[in-house]
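Architecture and fold: a report
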Amino acid sequence: MTHITVLGAGAWGTAFGQVLADAGNDVMMWAREPEIVEAINNEQRNPVRLPVVEKLPENMRATGNREEAVRDADIVVVAIAAQFARMALEEFKPFIPSNALVVSLMKGIERSSDKRMDEVVTEALDLPMNRFVAVSGPNLSKEVAQRMPAAAVAASVNREAAEKVAQAATNDYFKIFVTDDVVGIEMCGSLKNVTALAVGMARGAGYGENTAAMIETRGLAELTALGEALGANPRTFFGLAGVGDLIATCGSPLSRNFTFGSNLGRGMSVEEATAASNGVAEGVPTTAAVVALGEQLGVPTPLACAMNNVLEHGISCADMLGQLFADGALEE
Ligand SMILES: NC(=O)C1=CN([C@@H]2O[C@H](COP(=O)(O)OP(=O)(O)OC[C@H]3O[C@@H](n4cnc5c(N)ncnc54)[C@H](O)[C@@H]3O)[C@@H](O)[C@H]2O)C=CC1
Ligand SMILES: O=C(CO)COP(=O)(O)O
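Reading the values: the criteria
- Residues numbered from 1 in each chain as written.
- Chains lettered and ligands numbered in written order.
- Predicted model: local features only at pLDDT ≥ 70, side-chain atom pairs only at ≥ 80, totals over all residues.
- Heavy atoms only, no water.
- 1 Å grid on protein atoms, 1.4 Å probe; cavity = no way out; pocket = protein on both sides within 12 Å on 5 of 7 lines; lining within 4 Å.
- Points joined across faces, edges and corners; volume = space filled by probe spheres on them.
- Helix = DSSP H or I, 4+ residues; strand = E, 2+ residues; numbered from the N terminus.
- Nonpolar A, V, L, I, M, F, W, Y, C, P; charged D, E, K, R; others polar.
- UniProt positions renumbered as here; feature names shortened; annotations may be inferred.
- Buried < 20%, exposed > 50% of the residue type's maximum accessible area, 1.4 Å probe, protein only.
- Contact = heavy atoms within 4.5 Å.
- Polar contact = N/O pair within 3.5 Å; in protein donor to acceptor, adjacent residues only side chain to side chain.
- Near = heavy atom within 4 Å.
- Areas by Shrake-Rupley, 256 points an atom, 1.4 Å probe, with all protein chains shown as cover.
- Salt bridge = Lys/Arg side-chain N within 4 Å of Asp/Glu carboxyl O.

1. Topic: the layout of surface pockets
The space that makes up the largest pocket amounts to roughly 1200 Å³. If you go around the largest pocket, you meet 47 residues; those closest to its centre are G10, A11, W12, R256 and V280. Mapped onto the lining of the largest pocket, the elements with two or more residues apiece are α1 (11-22), α4 (82-92), α6 (141-145), α8 (182-204), α10 (240-250) and α11 (256-265). A per-element tally of the lining of the largest pocket places α4 first, with four residues. Classifying every residue of the lining of the largest pocket by side-chain character gives 22 nonpolar, 14 polar and eleven charged.

Structure representation (C-alpha cells):
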C-alpha cells in the first residue's frame, strides 16, 4: 500500500485526498486548523472546507504534526494556497523522506518572486526536479468530491514519477494522464485563473456568451504566448490542463476565481469580494505576477494588464474590456 500525505486540508486537498483513498492508498492529511484535524479523525468529515462530503473514506486520517504527517510518506502532495507554499514547505523540509516524490496541486504564481509552483516547491525543499510532479486539470473540488467523473494531467521531467502519481490517483471516477511538460502544466493552471476572473467579471456585469468567449480565447492566446516563451509545449494548452480547465473554471459558479470576478462585476470592491470568497482565489495575486512575467519576457499580456487595473485601481468592467479593445495587436 502506498503511503500518501496531503499537506493542506482545504477544499481541493481534501477532495484529492478522497481520490487517493478511493484508489486504495493510505492517506494522511496535514491541516494547520486543529478543528479540521479533529473532524477528519473523529467524524470522517471536513465540514469547514468540504461540507458536501458526509463521510470521508476510513483510510483517510489527519494530523497537525509536521513530522508525523510526512515521515512515512512515499508521496507528499502539496495543496496549500500558493502565496504561502514556500513558507509552509520550509517547515516540512527536515521531515520529508529523501526518496519521496512531491506533487503540487497548486495553481498560482508566487507574487513576491514571480515564480511558478514547480520552482517554489523545488527551491523550498531543495528537491531535485526528478522528484517533482505537478497535477492539474478541470477539477472543481465539489464535483470531484461527489465522485463525478473527471481527469487531470501529471507532469514531470521524470516519466516514472509522473506514472507513479498517475497510477496512485487513478480510480473508477478519476483518471490521470502523463506529460513531461511541467512548465506548460504550471502556466495553464495559474493563468486560467486570471481569465476566469475576467470572464466572471463580465458575467457579473451582465454581458453574455460572445463576451465570455472573447475573453476566454484571448486568455488562451495570452497563456500560450507566455508559456511558449518559457519553453512549454504548445500542445499542452489544448489539453485537459489548458482548454479543459479554462472551460470548467470560466463556466462555473463553483470556481472561486469566476465567483470573485462575478462579484466585482456586480459592483463589489476587491476587499468585499475577498471577504465573500469561499476559499483562495489564486488569480488575484497571480494577475500581478503574470504582468511582471510578461514584462520580463517581452510578451504582451493585455488581459492580465487590464485585470490588474481592476484589482489595483478599481477600473470598471467596461473599462477593463475597453483596454482589451485598445490593445494594438491586429494578428489574432
Ligand atoms: N478547489 C479546487 O477546485 C481546486 C484547487 N486547486 C488549487 O489547489 C490549491 C488549494 O486549493 P483549495 O484547497 O481549494 O483552497 P482552500 O482555500 O480551500 O484551502 C487553502 C489551503 O491552504 C492552507 N493554507 C493557507 N495559508 C497557509 C499557511 N500559511 N500555511 C499552511 N497552510 C496554509 C489552508 O489551511 C488550506 O488548507 C490552490 O492553489 C488551488 O488553485 C486545484 C484544483 C482544483
Ligand atoms: O482549479 C479549479 C478547477 O479546475 C478550481 O478553480 P477555483 O480555484 O477558481 O475554484
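Here the narrative resumes, following the displayed structure.
2. Examining the UniProt feature "binding site: NADPH" (unreviewed entry) in the protein chain
Residues annotated by UniProt as "binding site: NADPH" (unreviewed entry) correspond here to W12, R32, K107, S141, R256, V280 and E282. Restricting the annotated residues just mentioned to those that line the second largest cavity leaves K107. Within the element layout of this structure, K107 appears in the loop between β5 (101-104) and β6 (109-110). Judged by relative accessible area, which is 16%, K107 ranks as buried. When neighbours within four sequence positions are excluded, K107 is seen to be in contact with S136, G137, G189, S190, K192, N193, D245 and E282. At 2.9 Å, the side chain of K107 forms a polar contact with the backbone oxygen of G137. On the secondary structure map, E282 appears in the loop between α12 (270-276) and α13 (283-297). Once residues within four sequence positions are removed from consideration, E282 is found in contact with I80, A81, A82, K107, N193 and N257. For E282, the side chain forms a polar contact with the main-chain nitrogen of A82, separated by 2.8 Å.

3. Focus: the site of ligand 1
Around ligand 1 there are 25 residues in total, and A11, E33, S141, V280 and E282 lie nearest to it. Residue R32 places a side-chain N or O atom 2.9 Å away from an oxygen atom belonging to ligand 1. Take V280: an N or O atom from its main chain is 2.9 Å from an oxygen atom of ligand 1. Contact with the protein chains removes 91% of the 820 Å² of surface that ligand 1 exposes when unbound.

4. A look at the pattern of salt bridges
Under the definition given, this model contains 15 salt bridges. Notably, a salt bridge pairs E58 with K55, separated by 2.7 Å at the nearest N-O pair. Taken individually, E58 and K55 each receive the classification exposed, so the pair is uniform in this respect. The shortest N-O distance in the salt bridge between E119 and R116 comes to 3.8 Å. E119 sits in the partly exposed class, given a relative accessible area of 24%. By relative accessible area, which is 10% here, R116 ends up buried. Salt bridges sharing common partners tie together R86, E110, K115 and E123.

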